[in-house]
Amino acid sequence: VVYEQEGVFIHSSCGKNDDQDSLIAGVLRVIEKENEVIVDWRPLDDTLDTSNILCAGKDSSSVVEWTQTPKEKCSRGADRPSSYEAEWDMVTTVSFKKKPHSNGDATTHANGESKWSFLFSLTDLKSIKQNKEGMGWSYLVFCLKDDVKLPALHFHHGDSKLLIKCLEKHVVLNESPQDKRILLVNSQNKSLSQSFENLFDEPSYGLLQKLKKDPYTVTMGRFSKVTNYIFDSFRLSDPSSQRRPPSEMADFLNDAIPGLKINQQEEPGFEVITRIALGKQPEVSRREPVSAEEWAKNMDSEGRILNVDYIKRLIFKGGLCHTLRKEAWKFLLGYFPWNSTKEERANLQKRKTDEYFRMKLQWKSVSEEQEKRNSRLRDYRSLIEKDVNRTDRTNKFYEGEDNPGLILLHDILMTYCMYDFDLGYVQGMSDLLSPVLYVMENEVDAFWCFVSYMDQMHQNFEEQMQGMKTQLIQLSTLLRLLDSGFCSYLESQDSGYLYFCFRWLLIRFKREFSFQDILRLWEVMWTELPCQNFHLLLCCAILESEKHQIMDKHYGFNEILKHINELSMKIDVEHILCKAEAISMQMMNCKELPQAVSEILGIEGSSVTPDSDTGEDESGAVLSCPTSLYQSVSTPVIAANGTGDSTQQMSDTQSLTPA
């Protein structure tokens with residue numbers, strides 16, 4: 001039960017006195033049951049009775065009454081349960097008969113039970129009509145999709161707005177263009193559009209259902225709200241249960257994200273990853289950011305990049321100085337081709353400018369009346385405005401309510417909805433755009449860089465969440481190889497599914513690092529070095545750094561979630577980049593790397609032992625591990641602790657070429 005209000009009356013106009021309504025007091029509840037949400041009203045004297053429920057019939061313009069079949073009557077008898085669980089199971093087996101409205105006060109069955117109760121699923125709700133303000137008690141009239149109108153519910157003891165607020169967590173409600181008192185139910189998938197704010201200032205018992213129904217919003221919110229109460233809910237409030245087996249938790253997550261199977265090694269098609277000696281992690285240093293001089297030296301007279309692999313290695317090892325980002329990010333994101341000349345890039349920008357403003361004009365020219373008839377565009381705009389208002393204001397570029405940066409952020413996101421109307425806007429996209437716009441300082445360039453970034457990230461935001469499923473499974477596979485003992489500990493605390501990493505993956509650590517650190521982290525990841533899915537190794541690096549605190553202090557389910565959430569803005573980006581690179585070397589040097597890991601990292605043939613000079617195995621097969629990533633680069637380096645040595649060369653990477 002997620003909402004309950006007493007003092008909700010039906011005013012029946014069939015009392016003994018024609019001038020006076022009969023008041024039928026009742027209790028209104030909103031109940032979450034498996035994959036649906038039920039709205040239930042029943043008179044006070046009938047609140048726990050299961051023999052009398054009125055529903056809207058598909059073929060009826062009036063309320064209808066259900067009657068038990070003879071078989072049901074015999075089988076249920078006097079031991080009929082009174083819990084809500086039993087009621088919902090029973091409703092699925094009832095047969096319906098048409099019931100006309102009757103006269104009389106709170107009409108009863110022969111056995112004295114009320115006939116006014118009703119319930120319906122939110123999936124059948126079409127609209128809600130509200131009363132005019134200042135006109136007596138507030139009331140609501142529910143209209144279902146078959147145009148059945150249920151009796152008006154009058155709220156004598158409370159405001160009906162609390163109910164509306166509760167329903168908005170499950171469906172999108174929009175004012176009718178014809179009558180502002182009428183709220184129309186939008187069938188858009190709520191799991192991808194629910195606002196961040198729904199989680200904040202909410203009783204903790206609601207988080208469990210949100211985790212199942214809306215992983216996006218919950219993980220983008222504050223995991224630290226998790227309490228023992230919620231964990232008890234995971235155990236289905238069974239006091240005799242001390243811990244749910246990991247297999248049951250996997251089932252729970254499979255309900256939350258259908259198709260997600262993690263750490264179930266016995267499943268057909270899953271490779272059993274046994275303990276493999278990876279060897280010691282090598283020491284890794286980082287260099288200073290690529291300077292404008294280094295960038296210019298690697299260009300020919302027409303503006304072509306001379307050695308793309310070399311410049312990518314420099315960026316991977318040190319990032320970029322800020323003055324270079326505006327130009328270099330366009331190459332890293334794929335907006336500018338690496339082999340293009342300066343003239344070709346200028347022509348491309350001209351074409352892309354025209355294309356951008358044509359799309360922007362499409363939504364700018366939509367009138368208010370037209371937008372009222374386009375619910376999807378209206379919903380996109382509403383979500384964008386909410387998210388833009390929550391933009392991180394610690395950066396001066398986005399300071400102030402009417403800041404030009406915020407206006408551009410809004411316009412670019414609206415234009416993206418025109419570019420990809422099917423995907424539209426999904427919560428979290430503004431997090432990906434804001435650093436790009438800050439660096440570009442140009443609306444058009446920021447838009448096309450964002451489009452390129454979304455080409456990489458779009459699976460994270462699709463309704464079926466296939467991209468998120470895949471990444472969570474891959475992360476589990478990598479972490480198990482890296483530290484099977486830590487994985488076993490997490491599983492023993494019902495945390496083996498790594499669900500607390502969801503936000504990291506969804507928006508690429510945007511909320512875990514400071515604004516300046518995220519610029520460095522992203523440009524390193526965009527080099528696509530030293531292997532595929534380097535961002536998953538960053539996750540492994542963070543988790544491994546926190547392993548001792550989690551295990552030594554015997555953190556349980558709640559403490560793990562709280563601890564991971566509180567890492568935000570406290571992670572040393574240079575240290576984590578060094579550690580993730582060391583993990584990649586550790587795995588690439590492994591002679592018996594499991595096939596599943598090889599595929600995740602994009603390393604083929606890793607199980608053979610190559611010749612140290614030729615890179616071939618005894619059969620002559622070439623090992624395709626990207627050894628060129630670790631070729632020596634004669635540039636100054638900076639250690640993870642920030643101390644630099646201008647004379648030290650990157651010989652450490654040369655010696656770590658896979659043997």
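Residues numbered from 1 in each chain as written. Predicted model: local features only at pLDDT ≥ 70, side-chain atom pairs only at ≥ 80, totals over all residues. Heavy atoms only, no water.

In the nomenclature of an unreviewed UniProt entry, the chain corresponds to TBC1 domain family member 15 from the organism Spheniscus mendiculus. The record held by UniProt for the chain lists under Function (unreviewed entry) the comment "Acts as a GTPase activating protein for RAB7A. Does not act on RAB4, RAB5 or RAB6." Regarding the chain, the UniProt comment filed under Subcellular location (unreviewed entry) reads as follows: "Cytoplasm". (UniProt positions renumbered as here; feature names shortened; annotations may be inferred.)

Caption draft 1: Summary view of the overall build of the chain. From N to C terminus, the chain includes 25 helices and 15 strands. Taken across its 659 residues, the chain has 54% of its residues classed as buried. At a minimum sequence separation of 6, the contacts of the chain that also span at least 24 residues come to 67%. Counting every atom, the chain has about 30600 Å² of accessible surface; 47% of that belongs to carbon and sulfur. (Helix = DSSP H or I, 4+ residues; strand = E, 2+ residues; numbered from the N terminus. Buried < 20%, exposed > 50% of the residue type's maximum accessible area, 1.4 Å probe, protein only. Contact = heavy atoms within 4.5 Å. Areas by Shrake-Rupley, 256 points an atom, 1.4 Å probe, with all protein chains shown as cover.)

Caption draft 2: Just the pairing of strand β11 (residues 172-175), in detail. Bridge analysis of β11 against strand β12 (residues 182-186) gives four bridges, and the strand direction is antiparallel. Within β12, the residue paired with Glu175 across the bridge is Leu183. From the end of β11 to the start of β12, which pair antiparallel, there are six residues. (Pairing = 2+ DSSP bridges.)

Caption draft 3: Spotlight on the packing of aromatic side chains. Across all of its chains, the model carries 24 aromatic pairs by this definition. A centroid spacing of 5.8 Å and a plane angle of 70° characterise the contact between Tyr497 and Tyr499, whose relative ring orientation is edge-to-face. The class for Tyr497 is buried, based on a relative accessible area of 8%. Residue classification places Tyr499 among the buried positions, given a relative accessible area of 2%. An aromatic cluster is built from Tyr356, Phe357, Tyr416, Tyr419, Phe447, Trp448 and Phe450, whose rings are joined through pairwise contacts. Residue placement shows Lys352 over the ring face of Trp448; its charged tip is 4.1 Å from the ring centre. (Phe/Tyr/Trp six-rings, centres within 6.5 Å; stacked < 30°, edge-to-face > 60°. Lys NZ or Arg CZ within 6 Å of the ring centre and 35° of its normal.)

Caption draft 4: Just the environment of Gln5, in detail. Inspection of the secondary structure assignment puts Gln5 in strand β1 (residues 3-12). Each C-alpha atom of the pair Gln5 and Trp41 lies 9.6 Å from the other, and the pair is 36 residues apart in sequence.

Caption draft 5: Structural context of the packing of helix α10 (residues 322-332) against helix α15 (residues 429-440). The interhelical angle for the contact between α10 and α15, taken along N-to-C directions, is 115°, at an axis separation of 9 Å. Compared by their axis directions, α10 and α15 come out roughly perpendicular. For α10 against α15, the interelement crossing comes out left-handed. Across the interface between the two elements, His322, Arg325, Lys326, Trp329 and Lys330 of α10 pack against Pro435, Val436, Tyr438, Val439 and Met440 of α15. Residues of the contact of α10 with α15, tallied by class, amount to six nonpolar, one polar and three charged. (Axes fitted to C-alpha atoms, helices over the stretch in contact; angles between N-to-C directions. Parallel < 35°, antiparallel > 145°, perpendicular 65-115°, else oblique. Left-handed = near helix turned anticlockwise from the far one by under 90°. Nonpolar A, V, L, I, M, F, W, Y, C, P; charged D, E, K, R; others polar.)

Caption draft 6: Highlighting helix α21 (residues 534-552). Between the first and last C-alpha of α21 there are 28 Å, a value that for 19 residues agrees with the 27 Å anticipated at 1.5 Å per step. Roughly 45° is the biggest bend found in α21, and it falls at Glu546. Most of α21 is tucked away, with 14 of its 19 residues classed as buried. Backbone geometry just after α21 places His554 at a positive phi near 55°. (Expected span 1.5 Å × (residues − 1). Bend = angle between axes of the 7 residues up to and from the residue.)

Caption draft 7: The arrangement of the side chain of Lys547 in detail. In this structure, Lys547 sits in helix α21. Other than its neighbours up to four places away in sequence, Lys547 contacts Asp483 and Phe486.

Caption draft 8: Focus on the packing of helix α17 (residues 466-482) against α21. One can describe the packing of α17 onto α21 by two numbers: an axis separation of 10 Å at closest approach and a directional angle of 50°. Regarding the angle of α17 to α21, the classification is oblique. The chirality of how α17 crosses α21 is right-handed. Note on element contacts: α21 touches α17 through His535, Leu536, Leu537, Cys539, Cys540, Leu543 and Glu544, opposite Gln471, Gln474, Leu475, Leu478, Leu479 and Leu482. Per-class residue counts for the contact of α17 with α21 are nine nonpolar, three polar and one charged.

Caption draft 9: Main features of the nonpolar core. If you look at the biggest cluster of nonpolar residues, it comprises 124 residues, and the most contacted ones within it are Trp295, Met429, Phe461, Phe509 and Met587. Looking at this core, the element that brings in the most residues is helix α16 (residues 443-461), giving eleven residues. Setting aside residues up to four positions removed in sequence, Phe509 forms contacts with Trp504, Ile518, Leu521, Met525, His535, Leu538, Cys539 and Ile542. (Core = buried A, V, L, I, M, F, W, Y, C linked by side-chain atoms within 4.5 Å.)

Caption draft 10: The arrangement of the pattern of salt bridges in detail. Counting across every chain of the model gives 28 salt bridges. Close ionic contact of Asp300 with Arg304 constitutes a salt bridge, the shortest N to O distance being 3.5 Å. The shortest N-O distance in the salt bridge between Glu302 and Arg304 comes to 2.4 Å. Glu302 gets classed as partly exposed once you look at its relative accessible area, which sits at 43%. (Salt bridge = Lys/Arg side-chain N within 4 Å of Asp/Glu carboxyl O.)

Caption draft 11: Representation of the environment of Gln471. As for its position among the elements, Gln471 is in helix α17. It is 9.5 Å that separates the C-alpha atoms of Gln471 and Ile600, two residues lying 129 residues apart in sequence. Beyond its immediate chain neighbours, meaning those up to four positions away, Gln471 contacts Asn460, Leu505, Arg508, His535 and Leu536. For Gln471, the side chain forms a polar contact with the side chain of Asn460, separated by 2.8 Å. (Polar contact = N/O pair within 3.5 Å; in protein donor to acceptor, adjacent residues only side chain to side chain.)

Caption draft 12: Focus on the state of the cysteines. Counted by the stated rule, this structure contains zero disulfides. Take Cys539: it sits in no disulfide, and the sulfur closest to it among the cysteines is that of Cys501, at 5.3 Å. Judged by relative accessible area, Cys539 falls into the buried class, the value being 0%. (Disulfide = S-S within 2.5 Å.)

Caption draft 13: A look at the pairing of strand β9 (residues 138-144). Within β9, six of the seven residues are buried, which leaves the element mostly enclosed by the surrounding structure. Here five bridges tie strand β8 (residues 125-130) to β9, and the two strands are oriented antiparallel to one another. Across the sheet, Ser127 pairs through a bridge with Cys143, a residue of β9. Bridge analysis of β9 against strand β10 (residues 153-155) gives three bridges, and the strand direction is antiparallel. Within β10, the position partnered with Ser138 by the bridge is Phe155.

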